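# Geometric and topological summary
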Amino acid sequence: MDTPVRVAVVVPCYNEATTIAKVVTDFRAALPDATVHVFDNASTDLTAATAEAAGARVTRVPMKGKGNVVRAMFREVDADILLMVDGDDTYPAAHARELLAPVIAGSADMVVGTRLEQHHDGAFRRFHGFGNRLVRGVITRLFGYGISDALSGYRAFNRRFVRSMPVLSQGFEIETEMTVFALANGMTVREIPVPYGARPVGSHSKLHTFRDGYRVLRTIAFLYKDYRPLRFFGWLALLCLLGGMAAGSIVIGEFATTGKVTHPSTAVLAAALVLSALLSVATGLILDTVNRRSQELMRLLADQVVHAIRK
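Residues numbered from 1 in each chain as written. Predicted model: local features only at pLDDT ≥ 70, side-chain atom pairs only at ≥ 80, totals over all residues. Heavy atoms only, no water.

Attention shifts here to the packing of aromatic side chains. Under the defined criterion, the tally for this structure stands at nine aromatic pairs. Ring geometry for Phe27 and Tyr154: centres 6.1 Å apart, planes at 90°, overall edge-to-face. Here the residue Phe27 occupies a position in helix H1 (residues 20–30), and Tyr154 occupies one in the loop between helix H5 (128–143) and strand E6 (155–158), the gap between them amounting to 127 residues. Within the aromatic cluster, the residues linked to one another by ring pairs are Phe27, Tyr91, Tyr154 and Tyr196. The ring of Tyr196 carries Arg115 above its face, with NZ or CZ at 5.1 Å from the centroid. (Phe/Tyr/Trp six-rings, centres within 6.5 Å; stacked < 30°, edge-to-face > 60°. Helix = DSSP H or I, 4+ residues; strand = E, 2+ residues; numbered from the N terminus. Lys NZ or Arg CZ within 6 Å of the ring centre and 35° of its normal.)

Spatially, seven strands are ordered E3-E2-E1-E4-E6-E5-E7 in an open sheet, and the strand pairing comes out mixed. What marks the edges here is a single partner per strand, and that holds for strand E3 (57–60) and strand E7 (189–193). Here the strands of the sheet are splayed against their neighbours by 20° on average, with no regard to which way each runs. Note that strand E2 (residues 35–40) and E3 share four bridges and pair parallel. Of the residues in E3, the one forming a bridge with Asp40 is Arg60. (Pairing = 2+ DSSP bridges. Axes fitted to C-alpha atoms, helices over the stretch in contact; angles between N-to-C directions.)

Positive phi, close to 55°, is recorded for Ala42, a residue that is not glycine. Structurally, Ala42 is set in the loop between E2 and helix H2 (47–54).

Counted under the stated rule, the structure contains eleven salt bridges. When the shortest N-O distance is used, the salt bridge between Asp26 and Lys22 registers 2.7 Å. Taken as a pair, Asp26 and Lys22 lie in helix H1 at a separation of four residues, close to a single helical turn. The salt bridge involving Asp86 is made with Lys66; its shortest N-O contact spans 2.8 Å. Of the two residues, Asp86 is situated in the loop between strand E4 (81–84) and helix H4 (96–105) and Lys66 in helix H3 (residues 66–76); the sequence distance between them amounts to 20 residues. One exposure class covers both Asp86 and Lys66, and it is buried. Sharing partners across several salt bridges, the network here consists of Arg6, Asp78, Asp80 and Arg159. (Salt bridge = Lys/Arg side-chain N within 4 Å of Asp/Glu carboxyl O. Buried < 20%, exposed > 50% of the residue type's maximum accessible area, 1.4 Å probe, protein only.)

Counting 38 residues, the largest nonpolar core has Phe74, Leu82, Phe157, Phe161 and Met178 as the members making the most contacts within it. Looking at this core, the elements with two or more residues in it are strand E1 (7–13), H3, E4, strand E5 (110–114), H5, helix H6 (159–164), helix H7 (174–184) and helix H8 (209–227). In terms of residues, this core owes the most to one element, H7, which gives seven residues. What Phe161 contacts, discounting residues up to four positions off in sequence, is Phe74, Asp109, Met110, Met178, Phe181, Ala182 and Met187. Core analysis: the second largest hydrophobic core is formed by 33 residues, Val7, Val38, Leu83 and Leu99 among them. (Core = buried A, V, L, I, M, F, W, Y, C linked by side-chain atoms within 4.5 Å. Contact = heavy atoms within 4.5 Å.)

This brings us to H3. Buried residues dominate H3, accounting for eight of its eleven residues. Where H3 is buried, its residues meet E1, E2, E4, E6, H6 and H7.

So, about the confidence of the model for the protein. For the protein, the mean per-residue pLDDT works out to 84, and 83% of the residues sit at or above 70. The low-confidence segment residues 120–124 (pLDDT under 50) makes twelve contacts with residues lying over four places distant or belonging to another chain. (pLDDT = per-residue confidence, 0-100.)

Turning next to the environment of Asp45. You can see Asp45 is positioned in the loop between E2 and H2. A relative accessible area of 30% means that Asp45 is categorised as partly exposed. Taking the C-alpha atoms as reference, Asp45 lies 8.7 Å from Tyr14; in sequence the two are 31 residues apart. Setting aside its immediate chain neighbours within four residues, Asp45 contacts Asn15, Glu16 and Ala17. Reaching out from Asp45, the side chain makes a polar contact with the backbone nitrogen of Ala17 at a distance of 3.3 Å. (Polar contact = N/O pair within 3.5 Å; in protein donor to acceptor, adjacent residues only side chain to side chain.)

Structure follows, in structure tokens:
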């Protein structure tokens, strides 16, 4: 007899007293066998009490930031599949089973509910659509994988993903980190379009367009360094080498013409840039080797997790 799959709905929240009761009620109705966990991120309103009254299990996370909440969710909830959804009532519970199906079938490690195909006219604030497309383009360019919506907060994960992801982000850049982690580590990602609604009256977005946008792009840069160190430091080495050759050509041209070097500082700069290029290549090679070994260990750990689940 097959063991039933344990599903947990995890809801990160910060000051969502206006909407959290409906979110909990809708997902309890859509997934009656699942447990709904609300992770209250130091709210100053009645989010926690409202969620408990609606039937959710509430965990308080004192450190502010969505990344800190996701870290707590991944470490504290024991389930075979996690379905993450924001507590602002913008994602439809009616599509929950559609997101869960590929993970339950074993055909995906993470399923993302993409918002850009179907969304309410007021769902995205000014520049948010552009920001999402920019992030998507940068990820595709750097990592070579296309994805429709890198910032969606509606996702389903299997145990392998949850137990292997370290969660380094602290704020709203967590969705970007999850996307890059899955793609860079060869995990299977599926995307399913879902309707994305506008926030109800009285509910306010916590996202700061330019500040959080900068953090997301910075996170992508750091993740590129971490997951593709040879390429990252290779490009840096190429820039240093080109700069060194440009500075060196000035010195060499002057010496060939006059037999003198009247700009020793330029010669020192050229030598320093070339040495920096060599150092960057060496750094990239070392970190690439370390990265490969860490990926091997992570995959071995993930295989052990899968084996333990099947037993």
